[in-house]
Amino acid sequence: MAHPRSALLNVMTAAAQKAARRLTRDFGEVENLQVSKKGPADFVSNADKKAEDTLVKELQKARPDYGFILEEANNIEGKDSSNTWVIDPLDGTTNFLHGIPHFAISIGLLRDGEPFAGVVYNPITDEMFWAEKGQGAFLNGRRLRVSARAHLSEGLFATGLPFLGKEKDGERFMQRVNAVTTLSAGVRRFGSAALDLAYVAAARYDGYWESGLQAWDIAAGIVLVREAGGFVTDMDGKRKMLENGSVIAATDKMHEPLFNLIK
Ligand code: 2AM
Ligand code: CA
Ligand code: CA
Ligand code: CA
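Residues numbered from 1 in each chain as written. Chains lettered and ligands numbered in written order. Predicted model: local features only at pLDDT ≥ 70, side-chain atom pairs only at ≥ 80, totals over all residues. Heavy atoms only, no water.

## Considering the pattern of salt bridges
- In this structure the tally under the stated criterion is nine salt bridges.
- For Glu127, the salt bridge is made with Arg204, and the minimal N-O distance between the two is 2.5 Å. In this pair, Glu127 is assigned in strand S7 (residues 127–132) and Arg204 in the loop between helix H5 (193–201) and strand S12 (207–210), connecting sequence segments 77 residues apart.
- On the basis of relative accessibility, which here comes to 31%, the residue Arg204 falls in the partly exposed class.
- The shortest N-O distance in the salt bridge between Asp252 and Arg145 comes to 3.3 Å. (Salt bridge = Lys/Arg side-chain N within 4 Å of Asp/Glu carboxyl O. Helix = DSSP H or I, 4+ residues; strand = E, 2+ residues; numbered from the N terminus. Buried < 20%, exposed > 50% of the residue type's maximum accessible area, 1.4 Å probe, protein only.)

Structure representation (structure tokens):
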């Protein structure tokens, strides 16, 4: 039987599902999408924007006073200053635009500035990941627990590769990948930070690190990993992930060895 969800999570998953219907339709016709460029290798399509509009509308209906931090539109200040949605309507846009079925909708809720609830939904695999502080993390109703693998040599890790405009740190990045590939079972780079974090929560990956991210890439995923029993810090070992856009997320056993390898 599916685990019961709080009213808050029902609002979030329903909004994700509604936005996903539009995204899935557009995914079938990516050649017809209007694509523009926000920065070096940073693309946005009308699919991103439509999905975001749907999410804002649905969440505003259910929680009229909450504010929004949005990837594609200006932030919206809410009357209730202690609750803020942090939204990436389409995480993995490059995959989406290339017809690669690995992307997600990411909805995080900050309460008093701290990640409190998160939903990450991959509409292609129909995998809905959700978590709320103190309530556990779930995938389609099944409770999640990070992997129990204990040694780096058994671990599978994920990261984000630097791309055009992000290659400043390229050499340091390659050293880190080199260190982890040498000692682990492998390193993956699938191109959606939100799903990378969800996969750590689901015990598919043992750890994940990346820098140069934005709050909307990771706000939801942070709650997933923590509620599944994993640890999340920034690349300095602090808890300023949302401020400085770097993240190391791993199982309870792998966080420290991974941190020591890549710090
Ligand atoms: P996006 O698809 O929403 O843009 C993968 O490394 C992560 O980086 C994804 O979460 C992706 O989110 C983000 N990303 C991809 N290209 C980017 C760019 N050029 N600038 C900033 N973020 C980017
Ligand atoms: Ca983007
Ligand atoms: Ca993103
Ligand atoms: Ca995005």
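The discussion continues.
## Some thoughts on the packing of helix H4 (residues 170–183) against helix H8 (residues 255–262)
- One way to put it is that H4 packs onto H8 with a least axis distance of 9 Å and a crossing angle of 135°. Comparing the axis directions of H4 and H8 gives the class oblique. In the packing of H4 onto H8, the handedness of the crossing is right-handed. Touching Arg172, Arg176, Ala179, Val180 and Leu183 of H4 are Leu258, Leu261 and Ile262, all from H8.
- The residue inventory of the contact of H4 with H8, partitioned by class, reads six nonpolar, no polar and two charged. (Axes fitted to C-alpha atoms, helices over the stretch in contact; angles between N-to-C directions. Parallel < 35°, antiparallel > 145°, perpendicular 65-115°, else oblique. Left-handed = near helix turned anticlockwise from the far one by under 90°. Contact = heavy atoms within 4.5 Å. Nonpolar A, V, L, I, M, F, W, Y, C, P; charged D, E, K, R; others polar.)

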